[in-house]
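Chain and residue survey
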Amino acid sequence: MKPNLIDSLNTALASSFEMYSRAHGMHWNVEGMFFPLYHDFFGTIYLEVYGAIDAFAEEIRAAGGYPGYGTKWFHENNMLPQFDPINGTDVKKMLSELDMCNEIVIKSLNTAFALAEKEDNQGLMDFLAARLDAHKKHGWMIKSCQK
């Protein structure tokens, strides 16, 4: 495998992990009249994204690379901009932040998919396509909550 594919996969992994972390924090910190609804909603997203992290790392190994790990590595290698954590009742800001994270993860997955396609790596393309489908679903659900 070419290093740019592994680098791209590691960037998508780090971005996914950061999205997971932010959604989990939102799950912990949401408040207000609709707490049960959004607590569950953020929980559904963070569980799904986190559930793919191990498989993501295994795909990187199968492609001939090594997945990064550790909080410093995830911090330095994700594509998401830094932000101030959102606590309390501002669910609109939480949803906006999560939507932005999801869009960036989709971009990172599309970049990795294009590189996997150039290498004709069908198994990796299948994995990335499934991740793209999951994030597209997250996207429409997040946007539906923002209306």
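This section reports on the structure supplied with the text.

Thresholds, definitions, all that
- Residues numbered from 1 in each chain as written.
- Predicted model: local features only at pLDDT ≥ 70, side-chain atom pairs only at ≥ 80, totals over all residues.
- Heavy atoms only, no water.
- Helix = DSSP H or I, 4+ residues; strand = E, 2+ residues; numbered from the N terminus.
- Rg over C-alpha atoms; globule rule 2.2 N^0.38 Å.
- Buried < 20%, exposed > 50% of the residue type's maximum accessible area, 1.4 Å probe, protein only.
- Contact = heavy atoms within 4.5 Å.
- Areas by Shrake-Rupley, 256 points an atom, 1.4 Å probe, with all protein chains shown as cover.
- Lys, Arg positive; Asp, Glu negative; His and termini not counted.
- Charge placed at Lys NZ, Arg CZ, Asp CG, Glu CD.
- Expected span 1.5 Å × (residues − 1).
- Patch = residues over 30% accessible without salt bridge, like charges linked within 9 Å, V, L, I, M, F, W, Y side chains within 5 Å.
- Salt bridge = Lys/Arg side-chain N within 4 Å of Asp/Glu carboxyl O.
- Core = buried A, V, L, I, M, F, W, Y, C linked by side-chain atoms within 4.5 Å.

Here the focus is the overall build of the protein chain. The number of helices and strands found in the protein chain is six helices and zero strands. What you see in the protein chain, going N to C, is helices and strands ordered as α-α-α-α-α-α. In summary, the protein chain has a C-alpha radius of gyration of 15 Å against a globular reference of 15 Å for 147 residues, a match within 12%. Along the three orthogonal principal directions, the C-alpha set of the protein chain runs to about 50 × 30 × 20 Å. Looking at the protein chain residue by residue over its 147 residues, the buried ones come to 48%. When contacts within the protein chain are restricted to residue pairs at least 6 apart in sequence, those whose partners lie at least 24 apart make up 79%. Carbon and sulfur atoms form 55% of the exposed surface of the protein chain, whose accessible area is close to 8000 Å². Looking at charge distribution, the protein chain has the averaged site of its 13 positive side-chain charges lying 5 Å from that of its 19 negative ones.

A word on helix α5 (residues 91–118). For α5, built from 28 residues, the straight-helix expectation of 40 Å at 1.5 Å per residue is met to within 8% by its first-to-last C-alpha distance of 41 Å. Phi turns positive one or two residues past the end of α5, at Asp120, with a value near 55°.

This brings us to the side chain of Asn102. Relative to the helices and strands, Asn102 is located in helix α5. Not counting chain neighbours up to four residues away, the residues in contact with Asn102 comprise Met19, His135, His138, Gly139 and Ile142.

We now examine the side chain of Glu97. You can see Glu97 is positioned in helix α5. The class of Glu97 is buried, set by a relative accessible area of 11%. Non-local contacts of Glu97, meaning those with residues more than four positions away in its chain, are made with Arg22, Met26, Phe83 and Ile86.

This part takes up a nonpolar patch on the surface. A cluster of nonpolar side chains, namely Met33, Phe34 and Leu37, defines an oily patch on the protein surface of about 390 Å² accessible area. Note on placement: Phe34 falls in the loop between α1 (3–29) and α2 (35–51).

Quick look at the nonpolar core now. Counting residues in each nonpolar core, the largest one holds 43 residues, and the members touching the most others are Leu9, Phe42, Ile45, Phe56, Leu98 and Leu128. With twelve residues, the top contributor of residues to this core is α5. Apart from the residues lying within four places of it in its own chain, the contact partners of Phe56 are Leu9, Ala12, Leu13, Ser16, Leu109, Phe127 and Leu128.

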